[in-house]
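For reference, the chains in residue letters:
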Amino acid sequence: MFRFLFQQVLNLSIFTMVFKLVAPVLLAAIGGLFCGKVGVMNIGLEGAMLVSAFFSIVVNAMTGNWFFGILAGCAASVFICLMLAFFIFKYKAHHIVSGFAINTFASAITVFLLQVFFGSSGSYQPAGVQMIPVVNIPVLENIPVVSLLSGHSFIVWIAFLSVILCSIVFYKTPFGAHLMAVGENVQAARSVGINDLKIKYVAFIICGILCGIGGAFLSTGTTSMFVRDMTAGNGFIALAVISLGNSKPYGVLRGGLIFGFANAIAILIETYPGLTIPSQFIQAIPYIVTILMLSIHTIQNNRKMMGPVKKISGSVNG
Amino acid sequence: MRKNSKIFLTAAAVMMIVTSGTVFAESDSGENLSVVLYANGSFGDNAYFDGNKEGVLRAEEELGIKAKLIEGGSEQADYKPAIEALAASGEYDIIVTLTGKTSDIVLELADKYPEQDFFVMDTTMNEVRPNIFNSMYNQCEGSFLAGAFAALVTSSTELENANPEKVIGFVGIMDSPTINDFYDGYEQGAHYVDSEVEVLKSYIGDSTNAPKAKELAMAMYNSQNADIIFNVGASAGLGTLEAGNEAGKYTIGVDINQNGIYPGSVLTSMLKNSGSGIYNAIALYQKGELEMGTSQLWGIKEECIGLAEDELYDEYVPDSIKERMEEITENLVNGEIEVRSELY
């Protein structure tokens, strides 16, 4: 079995799977990161993705164009995120509670619309969906190893690009500085004339766009169908990945890749013939790995924080 | 005169009460049986729950019953209060519930509401009450046919997308007794045809994660050289079917006839014809021939289980496979082949 896994790594087929699994999680996580920076843990990522998955495939099937599909998905997702922001900032609702409300709402409204417009409450498989294209790079795809870069969905590239852009926005632009300021200390930000409400809403809009792309990828990139609750926890995994990445863009990328790898390996093991490992255990692998990494990470962080403190107390005693 | 009118009015009132009484009694007797189907899931899965819904609606049309459909969703805690509310209302002659997730609830309610009749379909109950009818579909038998079919496809030289490796796959919802019963039959069927066939098995983990189902199926096709996969995955299973179509390989649908979803790729479907099951039960009940208080196993003979042999099946499946399947089906019906199941 290990030889088989190793082979999959060698012939690079595992990477296609990893990138496919990682893209939606990564997009949602970067979106959630923007909300995190303004001090809100956005539980509603899942709902935003689900709504986008629905609207993107509906518009895609109507227009026969994947790009319009993504646009529609993003619009729906931004709407959901703005709704959440409205509850939190205007009416001071608790962000966890309203996030859950948003998820329940998204799950129900998609099923409701499915029922009203398509007479089905479980799934929707329209004809004429144009799938989000796969990018094949002409020269690279024939070179060993480098061919790794070819043959991935357009969205996979967007997902990795979003990490780089996010890092630039956070650390190289005034907007990024304002974002951090608002998140760290609203009073201080206000005192220097930053319109904190505007920054917060913009962060939620960005989050909506990213979740929208991720959701559209699920219904029109990996599959060409909508199934109720098809996001299946991707939004929550994104939240875990944010903490795993210590709320830093490249940390999120690393966390996402770890989760993606664990997931791909679980899928490969699961389909390997004649295995006696209980399937429940195999299915838990990605989550076990995530928890393990999170624990290791927390312990490391604590050590870093504790280090200097001990020294100071030592010098006082001495 | 005034006295007369009073008598007349009283007489009229009495008449009205009597007639309304008879009208009421009429609607309560067999003519207009009212049946409610409580689905512990949601319709629109293009599979199991839709099949049940179809059966009840067919009964409404052909048997003239009054039907009501209720979607219970996936929250298990909701089932009991919802079913109890239906029983307490006294509106329905029969309450139909599905699968083992509701059998314990019904058992409890049957004692509390002895006047209410219940049908518990698609599960085996160890004990029943006089007001419960329980039936189980022999999915193991049907999966046997699917397994035999898959083994014939993977060894076929006539089907252009079948590869030389004798590997077939199974993608199920989760590691549960019912789903494993499908698998047991599938494996037995495959090995009945050819003992060298390797059967891959994997589980999605839930019934909605279509992208994951697709990924699992893709891994079977691309990394393990499977050329046909049996989809037992409810809504998520649509992902399995899509993988088969995209990889240019074959799949077998489940529960209802899924052949038309990807013609040429979904070669056949294992019909767990729960719709006919419910329909038959209601029809027998109407005629007063249903043995309440029993537990029955319905399979190929009762036409509740089988393979979907429609015009798409005729078009895409080679004659040699069709002939072998007919032979195997016959042997199953006349009892020459025995399918072992751990559930019943």
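No experiment lies behind these values; they were computed from the predicted model shown. (Residues numbered from 1 in each chain as written. Chains lettered and ligands numbered in written order. Predicted model: local features only at pLDDT ≥ 70, side-chain atom pairs only at ≥ 80, totals over all residues. Heavy atoms only, no water.)

The subject of this paragraph is the overall build of chain A. For chain A, the count of helices and strands is twelve helices and four strands. Oriented by its inertia axes, the alpha-carbon framework of chain A measures out at about 70 × 50 × 45 Å. Evaluated residue by residue, chain A yields a buried proportion of 49% over its 318 residues. Contacts in chain A between residues at least 24 apart in sequence constitute 74% of all its contacts with a sequence separation of at least 6. Surface accessibility of chain A: about 14,600 Å² in total, with carbon and sulfur atoms responsible for 71%. (Helix = DSSP H or I, 4+ residues; strand = E, 2+ residues; numbered from the N terminus. Buried < 20%, exposed > 50% of the residue type's maximum accessible area, 1.4 Å probe, protein only. Contact = heavy atoms within 4.5 Å. Areas by Shrake-Rupley, 256 points an atom, 1.4 Å probe, with all protein chains shown as cover.)

Let's shift gears to the overall build of chain B. A tally of regular secondary structure across chain B gives eleven helices and twelve strands. Across its three principal directions, the C-alpha atoms of chain B cover 100 × 40 × 35 Å. Out of the 344 residues in chain B, the part that is buried amounts to 57%. For chain B, the proportion of contacts with a sequence separation of at least 24, taken over those separated by at least 6, is 67%. Taken as a whole, chain B presents about 14,900 Å² of accessible surface, with 48% of it coming from carbon and sulfur. A distance of 10 Å separates the average location of the 22 positive side-chain charges in chain B from that of its 56 negative side-chain charges. (Lys, Arg positive; Asp, Glu negative; His and termini not counted. Charge placed at Lys NZ, Arg CZ, Asp CG, Glu CD.)

The subject of this paragraph is the sheet that holds strand S5 (residues 132-137) of chain B. Pairing between the strands of a sheet comes from backbone hydrogen bonds, and it takes one of two forms, parallel or antiparallel. All names here are of chain B. Taken together, the six strands give an open sheet; going across it, the order is S2-S1-S3-S4-S5-S11, and neighbouring strands pair in parallel fashion. The two strands at the open ends of the sheet, each matched to only one other strand, are strand S2 (66-71) and strand S11 (295-298). Neighbouring strand axes in the sheet, compared pairwise and without regard to direction, differ in orientation by 20° on average. In terms of strand pairing, S5 meets S11 through four bridges, oriented parallel. Among the inter-strand pairings, Asn134 is bridged to a residue of S11, identified as Ser295. Together, strand S1 (34-39), S2, strand S3 (94-98) and strand S4 (117-121) form the strand contacts of helix H3 (residues 79-89), whose direction differs from that of S1 by roughly 175°. (Pairing = 2+ DSSP bridges. Axes fitted to C-alpha atoms, helices over the stretch in contact; angles between N-to-C directions.)

Another point: the sheet that holds strand S10 (residues 266-272) of chain B. Residue and element names in this part refer to chain B. Taken together, the six strands give an open sheet; going across it, the order is S7-S6-S8-S9-S10-S12, and neighbouring strands pair in mixed fashion. Here the strands that pair on one side only, and so sit at the sheet edges, are strand S7 (198-203) and strand S12 (305-307). Averaged over neighbouring strand pairs, the angle between their axes works out to 15° when direction is ignored. As paired elements, strand S9 (residues 250-255) and S10 share five bridges and run parallel to each other. Bridge assignment links Asp255 to a residue of S10, and that residue is Leu271.

A few words now on the packing of aromatic side chains. Residues and elements named next belong to chain B. Enumeration over the complete set of coordinates arrives at 29 aromatic pairs over all chains. With centroids separated by 5.2 Å and ring planes inclined at 75°, the aromatic side chains of Phe170 and Tyr183 adopt a geometry described as edge-to-face. A residue pair is termed long-range when its members are at least 10 positions apart, and Phe170 in strand S6 (residues 167-172) and Tyr183 in helix H6 (residues 177-193) qualify at 13 residues. Classification of Phe170 by relative accessible area gives buried; the value is 0%. For Tyr183, a relative accessible area of 7% translates into the label buried. (Phe/Tyr/Trp six-rings, centres within 6.5 Å; stacked < 30°, edge-to-face > 60°.)

Attention now goes to the domain arrangement of chain B. Residue and element names in this part refer to chain B. Once the domains are mapped, chain B shows domain 1 (27-137 + 275-298) and domain 2 (139-272 + 309-333). Distance from the C-alpha centre of domain 1 to the C-alpha centre of domain 2: 30 Å. At the junction of the two partners, domain 1 supplies eight residues and domain 2 supplies nine residues. When domain 1 packs against domain 2, the two sides together hide about 790 Å² of surface, and 58% of this comes from carbon and sulfur. Put simply, domain 1 and domain 2 have one salt bridge between them. Between Asp122 and Lys272 there is a salt bridge whose closest N-O contact spans 3.0 Å. At the boundary of domain 1 with domain 2, the tally comes to three residue pairs in polar contact (both at pLDDT 80 or more). Breaking the side of domain 1 that touches domain 2 down by element, the ones donating at least two residues are helix H2 (48-63) and S5. Grouping the amino acids of the side of domain 1 that touches domain 2 by side-chain chemistry returns four nonpolar, two polar and two charged. (Domains from an automatic or database assignment. Buried area = accessible area lost by both parts, 1.4 Å probe. Salt bridge = Lys/Arg side-chain N within 4 Å of Asp/Glu carboxyl O. Polar contact = N/O pair within 3.5 Å; in protein donor to acceptor, adjacent residues only side chain to side chain. Nonpolar A, V, L, I, M, F, W, Y, C, P; charged D, E, K, R; others polar.)

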